[in-house]
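This is what each chain is made of:
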Amino acid sequence: ALLAPGVWLSGSFIHPSTEHTCHLPPQGILNDSDACTYLVHNGDTGVLESEPCSSWDWDNSTWTSTLNSEFDLACDSRHMGATFSSLFMTGMGVGGVINGALCEIYGRKNMFVIGLLIFYINLIIQWLPDINSILAARFISGIGQSMTSDSLLILTLEIVEPKYRPIVAICVWVPWVFGCVILGGVGYLVRDWRNLHMSVALPYLLFLPAIWFLDESPRWLIVRGRREQAQKILSKAANMQGVSLPPKNEIQAVMDDTARKSNIAEGSSKPSMMKSVKIFMGRFCLLFSTRRMLVLTLVTCYTHLTMSLLYFGLALNGVSYSDDPFLYMVFSGLVDLPSVTIAAPIVMRWGRSTPGIICFFGCGVPMLAMPFVPAGMLWLKTSLALLAKAMVSMAWSVIYLQVNELFPTEVRLLGMGIGAIFTTGGSSLSAYISDILTPLAAWAPSVVFGLSSVLAAFAAALLPETKGISMPDTVQDLENLGKNKGNKSNTTNQNGEIEAEKLPLRDGV
């Protein structure tokens, strides 16, 4: 998580929106009404005619070289800069699907190693000569990034006791915060986009020696019937901590229980391909089978799309909200720290629905107010953007927990998976918002972000409260949710506090 912001968010320094003018040929005249053309006198008629610009002069006062300036990504090709970030996010979505399909078959460590090797294509971007090969490498590296982070997270959670999982959940995001701070500093020191990209990708080589010390998940080994290997890993861990393992018969009983539960969850026999498709389609249809399931599915899709759109849109567009994009990156990371750490006690005390709605309004109102900020008060514009980012960061934690508690067990994984797909869609679109809308109207991106967040608040209001309510196992349980007021939640204890293992982690991390 410490290194992740460097490759996720470096696009804000690699393809920033900077001033540029048409590079005029001899006797060319600047066209004030169209930045994509220049004027030239027709030698025969003497009339001024417009010609398309073939190159541009770029403002290099902040960056010595950017992706946009090196490849003249302006006018018809201006979207190619944003594609650099968008394809990485899209690749992460593809990597998540691949990892989900193969992680149970080949193991957590193996998928981590494969993902890491795929990610290392990032290291050759420094020397790629054309924009198309750079974008292709960026997409492939996104696949590797997702496979690496997802498999490592699964491995970590499988070896951590449930009572310590909240600490892990927080620890995942605390390094992210400091990673944003570091990225702001590195971006300030390294103003050439190729050198910057290498600076944030090179530290991933530190994972190579760590592979030799990384063990496979004992839980996965037990499920796959490789108990002797699991026993060796458990003994190694006990020796490192200076403790003794329980008697062998007790360990064997735990392994038997773990394997038995897995067999129950996965089924004693593997269904055929046609039967698997039929089962999937049946579960997919359950997502729309009742009014409440339909609302839950649609709200999950829209809120996940909006949260990622806002979060990454605000993180990647520092040049639009501050005159110091490097300092903006630092503060945009720091505002995540209180947002993430205080989300848990807030939902323990006030539930999920009200905090989620407030967070979305708390993000939307500052964004809608931004077009009315006077030009000379850029500090206020920056403050509003940071406040909006802090609120959407908290909304992410709250809403993710709420919808996870609402989806019935029989379709929970599928429902959250669809939400993750829309998360990828939002993050992929976020890079284009400013590039496309700002030339049309400088205030347009802020209004789009603001309206999206306000609509998400109304959408979140359609979700029922889940504090103190049992997580549903079937669609019928969801329909009956809230009718049996005395039913205590299996996600809360007697004091109504969230159990450790139910605290949320965000998608793709």
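For the structure itself, consult the block above.
Reading the values: the criteria
- Residues numbered from 1 in each chain as written.
- Predicted model: local features only at pLDDT ≥ 70, side-chain atom pairs only at ≥ 80, totals over all residues.
- Heavy atoms only, no water.
- Axes fitted to C-alpha atoms, helices over the stretch in contact; angles between N-to-C directions.
- Helix = DSSP H or I, 4+ residues; strand = E, 2+ residues; numbered from the N terminus.
- Left-handed = near helix turned anticlockwise from the far one by under 90°.
- Contact = heavy atoms within 4.5 Å.
- Nonpolar A, V, L, I, M, F, W, Y, C, P; charged D, E, K, R; others polar.
- Disulfide = S-S within 2.5 Å.
- Buried < 20%, exposed > 50% of the residue type's maximum accessible area, 1.4 Å probe, protein only.
- Salt bridge = Lys/Arg side-chain N within 4 Å of Asp/Glu carboxyl O.
- Phe/Tyr/Trp six-rings, centres within 6.5 Å; stacked < 30°, edge-to-face > 60°.

Draft legend 1. Focus on the packing of helix α14 (residues 291-316) against helix α22 (residues 444-460). Two elements in contact, α14 and α22, have axes whose closest approach is 10 Å; the angle formed by their N-to-C orientations is 150 degrees. The way α14 lies across α22 gives a crossing that is left-handed. Of the residues in α22, those in contact with Val299, Tyr302, Thr303, Thr306, Leu309, Leu310 and Gly313 of α14 are Phe449, Ser452, Ser453, Leu455, Ala456, Ala459 and Ala460. Within the contact of α14 with α22, the residues separate by chemical class into nine nonpolar, five polar and no charged.

Draft legend 2. Spotlight on the state of the cysteines. Counted by the stated rule, this structure contains two disulfides. One disulfide in the model links Cys22 with Cys53; its S-S distance is 2.0 Å. Where Cys22 bonds to Cys53 through sulfur, the torsion about that S-S bond is close to -120 degrees, and the disulfide is left-handed. Here the residue Cys22 occupies a position in strand β1 (residues 20-22), and Cys53 occupies one in the loop between β4 (48-52) and β5 (56-58), the gap between them amounting to 31 residues. Comparing Cys22 with Cys53, the two get one shared label, buried. Disulfide pairing places Cys36 opposite Cys75 at an S-S distance of 1.9 Å. One disulfide, between Cys36 and Cys75, carries an S-S torsion of -105 degrees and so falls in the left-handed class. Note that Cys36 is positioned in the loop between β2 (29-30) and β3 (37-41) and Cys75 in the loop between α3 (67-71) and α4 (79-106), a separation of 39 residues in sequence. Residue classification places Cys36 among the partly exposed positions, given a relative accessible area of 27%. Counting only the cysteines that take part in disulfides, in the order they occur along the protein chain, gives the pairing 1-3, 2-4.

Draft legend 3. Inspection of helix α16 (residues 325-334) at higher detail. With respect to burial, α16 is a largely interior element, seven of its 10 residues being buried. Of the residues making up α16, those classed as buried are Pro325, Phe326, Tyr328, Met329, Val330, Ser332 and Gly333.

Draft legend 4. Just the environment of Pro5, in detail. Relative to the elements of secondary structure, Pro5 occurs in helix α1 (residues 4-8). With relative accessibility at 0%, the residue Pro5 sits in the buried group. Linking Pro5 and Gly333, residues 328 residues apart in sequence, is a C-alpha distance of 9.2 Å. Ignoring sequence-local partners within four residues, the contact set of Pro5 consists of Ser10, Trp176, Gly179, Cys180 and Leu183.

Draft legend 5. Just the pattern of salt bridges, in detail. Taken as a whole and assessed by the stated rule, the structure comprises four salt bridges. Among the salt bridges present, the one from Asp215 reaches Lys236, with a minimum N-O distance of 3.2 Å. Here Asp215, found in the loop between α9 (207-211) and α10 (218-223), pairs with Lys236, found in helix α11 (residues 227-241); they are 21 residues apart in sequence, far enough to count as distant. A salt bridge links Glu405 to Arg352; the nearest nitrogen and oxygen atoms lie 2.8 Å apart. With Glu405 in helix α20 (residues 378-406) and Arg352 in the loop between α18 (343-350) and α19 (353-369), this residue pair connects regions lying 53 residues apart in the sequence. Residue class for Glu405 comes out buried when judged on its relative accessible area of 3%.

Draft legend 6. Fine view of the environment of Ala390. Structurally, Ala390 is set in helix α20. Judged by its relative accessible area of 13%, Ala390 falls in the buried class. Considering only alpha carbons, one finds Ala390 and Ser339, 51 residues apart in sequence, at a separation of 5.8 Å. Contacts of Ala390, omitting those with residues within four sequence positions, involve Val335 and Ser339.

Draft legend 7. Quick peek at the side chain of Asn31. When you line up the elements, Asn31 lands in the loop between β2 and β3. In this view, Asn31 contacts Thr37, Tyr38 and Leu39; residues no more than four positions away in its chain are not counted.

Draft legend 8. Inspection of the packing of aromatic side chains at higher detail. Inspection of every chain in the model, using the stated rule, returns 14 aromatic pairs. Summarising the aromatic geometry, the rings of Tyr188 and Phe326 are spaced 5.8 Å apart at their centres and angled 80 degrees between planes, so their arrangement reads as edge-to-face. In this pair, Tyr188 is assigned in helix α7 (residues 165-189) and Phe326 in helix α16, connecting sequence segments 138 residues apart. Taking relative accessible area as the criterion, Phe326 reaches 6% and is therefore assigned buried. With 5.7 Å between their ring centres and 80 degrees between their planes, Tyr311 and Trp396 make a pair best called edge-to-face. Linking Tyr311 in helix α14 with Trp396 in helix α20, this pair joins segments that are 85 residues apart in sequence. Classification of Tyr311 as buried rests on a relative accessible area of 2%.

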